[in-house]
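# Chains, contacts and geometry: an overview
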Amino acid sequence: MPAIEVKDLVKKFKDALAVNGISFTVETGGCFGLLGPNGAGKTTTINILATLLKPTSGYAAVAGFDVTKYRNEVRSNIGIVFQEPALDSKLTGKENLEFHAMMYGIDPATRNRRIANLLDLVELTEKANVLVQNYSGGMKRRLEIARGLIHKPKVLFLDEPTLGLDSQTRRLIWEYVKKLNKENDVTIILTTHYMEEADYLCDRIAIIDRGKIVALDTPGNLKAALGANASLEDVFIKYTGKTIRNIEEREKIW
Amino acid sequence: MVELRAIYVLWLRDLIKFSRARERQIGSLAMPIMFLLFLGFGFSGANLPGIAHKVDYVKYLVPGIIGMNMLFGSMFSGISVLWDKEFGFLKEIMVAPVSRISIALGRIAGGATTSLVQGLLLFVISFFLGFSFVPAFSPLRIVLGVVLMVVFMALISLTFIALGLSFASNMRDAEGFELIINFVMFPLFFLSGAIAPITTLPPLVRILSYLNPLTYAVDGLRAALLGLSMFPLLFDLVLAVVFAVFMVSLAAFFFERSESV
Ligand SMILES: Nc1ncnc2c1ncn2[C@@H]1O[C@H](COP(=O)(O)OP(=O)(O)O)[C@@H](O)[C@H]1O
Ligand SMILES: [Mg+2]
């Protein structure tokens, strides 16, 4: 049974066709990348898979559960790092993590151990007891990633996880995600505009533009299709006709 | 078990945040205190139609203002789900493996506790502003009165947090917030008999008062604290419970349907 199955998925908003009939499957333990320009429909797809949005039509299942019919079952199998801030700024960093761990029913001993480890990983141990409203953008992002990793879900969604982070922290996060994927068999769906990131972490990549998947293959095959020295960046330009734009604009959120 | 723990965690979060919000605590007591000061002293000694002569107006006012404070605090805390939405935290709550009903109940429990704390604080303060129990009250009657007061306060809280949550579940953002304050909260307050007996209202308007959940709760608070009321105490209690159950069910229904992104 695949970890994720998506068939002819469509999501219409009042004034936009955000997802226009996409299909893909992700095997258990895989790392699947969704690569696409701003507004391509990546976040919408993830929100549907995470049960936050109802699809207009089509089918999607996570861990074998239909996302529209078995929302609670889906939720207990997933973790998600949102693209946009989703922290409680009136709580401390540590309290945000504790809230999460308790909502997911992690026992106190495990909770404390994991929180300590993760705070260490994202280098926030010293700021653990500071209210999140006093965090910088990068600190919030790091905290958010730590939170998504606490409960070791079967399927982990990472929506532009390292957006706005310095390259050193990005590397650390990559290593942790890779370890989670390889050693703990956590299936990962990642959206990103960092080619390097998709290339390094993902075993399959879908290039998505205007709600449609325009290419889907391993990073190696995608690159090979364009010649020996092609980068994913080149692949991206070939299929969507554009570089990944508006990055600066999006980084302003953080 | 998982569901109960989720309710507890959401409740705890509200309490932690409340204990940190000094301005909110003071701010929400300022208005009822001013009402008691200005209205209470302004009209003390005046003979208002519909109020028994032996009761000083300040004393008549205290249960009403406690009701008002509970109404405002509760509505705000119900609507505060919109702030969670604005700051994105609602998504974090909504993807947790917990039923929407428990999430709604956790919020209601948290809001009810904090507004209850404020209501009790206001009750204590009212003794410095001219409130006292009727001399004829025995100690037992006083204890019973306070217990009944807490029950009615809790029912007001449940009812109006749930109403706030119902509104919030049907709104995309906080844009309609002032509309709700002006066209829901203030009418509920003025039509509840909190500051003057509803018997002084024109008959047509009075019908609205009879439909207002707060009317019965305020009447019940008066019965508990002053031993005087329009309706029998049991009638007030039953209606307050019915309204609370209805509103909480409605809130759970709307919250279940709402989209969080
Ligand atoms: N809640 C919403 N209401 C209306 N339109 C939306 C909503 N969310 C996203 N959209 C639109 O859907 C399209 C896809 O958005 P999104 O999934 O966020 O893209 P991406 O994550 O790839 O940048 C965009 O055109 C966006 O404006
Ligand atoms: Mg996005």
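Residues numbered from 1 in each chain as written. Chains lettered and ligands numbered in written order. Predicted model: local features only at pLDDT ≥ 70, side-chain atom pairs only at ≥ 80, totals over all residues. Heavy atoms only, no water.

## Topic: the domain arrangement of chain A
All names here are of chain A. For clarity, the cut-off: Each domain span listed reflects an automatic or database assignment of domains. Only heavy atoms enter the contact rule, under which two residues are in contact if any of them lie within 4.5 Å. Note on definitions: salt bridges are taken to be side-chain nitrogens of Lys or Arg within 4 Å of carboxyl oxygens of Asp or Glu. Any N or O atom pair separated by 3.5 Å or less is treated as a polar contact, with the protein-specific requirement of one donor-capable and one acceptor-capable atom, and with residues adjacent in sequence counted only for side-chain atom pairs. Following the grouping adopted for this structure description, the nonpolar residues are Ala, Val, Leu, Ile, Met, Phe, Trp, Tyr, Cys and Pro, the charged ones are Asp, Glu, Lys and Arg, and the polar ones are all others, Gly among them.
By the assigned domains, chain A splits into domain 1 (1-77 + 155-164 + 181-254) and domain 2 (84-152). Placing the centre of domain 1 and that of domain 2 at their C-alpha centroids yields a distance of 25 Å. Between domain 1 and domain 2, the contact holds nine residues from the first and eleven residues from the second. In this structure, the connection of domain 1 to domain 2 is made through zero salt bridges. Linking domain 1 with domain 2 are one residue pair in polar contact (both at pLDDT 80 or more), by the criterion used here. Here the side of domain 1 that touches domain 2 is composed, by residue class, of five nonpolar, one polar and three charged.

## Comments concerning the coordination of the magnesium ion (ligand 2)
All names here are of chain A. Put simply, the test is: Metal coordination here is assigned from N, O and S atoms located within 2.8 Å of the ion, or within 3.2 Å for Na, K and Ca; omission of water means that sites may look incomplete. In this description a helix means any DSSP run of H or I spanning at least four residues, a strand means any run of E spanning at least two, and both kinds are numbered starting from the N terminus. Each residue is placed in one exposure class: buried if its accessible area under a 1.4 Å probe, protein chains only, is under 20% of its type's maximum, exposed if it is over 50%, and partly exposed if it falls in between.
Bound to the magnesium ion (ligand 2) are the protein donor atoms Thr 43 (OG1) and Gln 83 (OE1), situated 2.0 Å from the metal. With a gap of 40 residues between them, Thr 43 in helix H1 (residues 42-49) and Gln 83 in the loop between strand E6 (78-81) and helix H3 (93-103) connect regions that are remote in the sequence. Classification of Gln 83 as buried rests on a relative accessible area of 12%.

## Quick notes on the pattern of salt bridges
Inspection of the entire model under this criterion finds 13 salt bridges over all chains. Taking the shortest distance from any N to any O, the salt bridge between B:Arg13 and A:Asp88 comes out at 2.6 Å. You can see B:Arg13 sitting in helix H1 (residues 2-20) and its partner A:Asp88 sitting in the loop between E6 and H3, one on each of two chains. Considered together, B:Arg13 and A:Asp88 belong to a single accessibility category, that of buried residues. B:Arg13 is the salt-bridge partner of B:Asp84, the closest N and O atoms lying 2.8 Å from each other. One end of the pair, B:Asp84, is in helix H4 (residues 81-86); the other, B:Arg13, is in helix H1, with 71 residues separating them in the sequence. Taken individually, B:Asp84 and B:Arg13 each receive the classification buried, so the pair is uniform in this respect. The network of salt bridges with common partners includes A:Asp88, B:Arg13, B:Lys17, B:Asp84 and B:Arg107.

## Quick look at the sheet that holds E6(A)
Residues and elements named next belong to chain A. Put simply, the rule reads: Two strands qualify as a pair provided DSSP detects at least 2 bridges between them. With axes taken as lines fitted to C-alpha atoms, and helix axes fitted only over the stretch in contact, angles between N-to-C directions fall between 0 and 180 degrees.
Read across the open sheet, the six strands follow the order E6-E7-E8-E3-E9-E10; overall the sheet is mixed. This sheet does not close on itself; its edge strands, each paired only once, are E6 and strand E10 (212-217). Between one strand and the next, the sheet's axes are offset by a mean angle of 15°, whatever the strand orientation. Relative to strand E8 (residues 187-192), strand E7 (residues 155-159) runs parallel, the two being bridged by five bridges. Each bridged residue has a counterpart across the sheet, and for Leu 156 the counterpart in E8 is Ile 188.

## Some thoughts on the pairing of E10(A)
All names here are of chain A. Judged from the five bridges that link them, strand E9 (residues 204-209) and E10 form a sheet pairing that is antiparallel. Directly across from Asp 209, in E10, lies its bridge partner Lys 212. From the end of E9 to the start of E10, which pair antiparallel, there are two residues, and Arg 210 there has a positive phi angle of about 50°.

## Details of the site of ligand 1
What counts here: Any residue with a heavy atom positioned within 4 Å of a molecule or strand is treated as near that molecule or strand. Per-residue and other accessible areas were derived by the Shrake-Rupley procedure at a 1.4 Å probe size, with only the shown protein chains allowed to occlude residues.
Around ligand 1 sit A:Phe13, A:Ala18, A:Pro37, A:Asn38, A:Gly39, A:Ala40, A:Gly41, A:Lys42, A:Thr43, A:Thr44, A:Gln83 and B:Arg172, and those are all the residues in its vicinity. Looking at the residues close to ligand 1, they fall on chains A and B. At 2.7 Å from an oxygen atom of ligand 1 is found a main-chain nitrogen or oxygen belonging to A:Gly39. A distance of 2.9 Å separates an oxygen atom of ligand 1 from a polar atom in the backbone of A:Lys42. Bound to the protein, ligand 1 loses 66% of the 570 Å² it would expose on its own. A per-element tally of the shell around ligand 1 places H1(A) first, with three residues.

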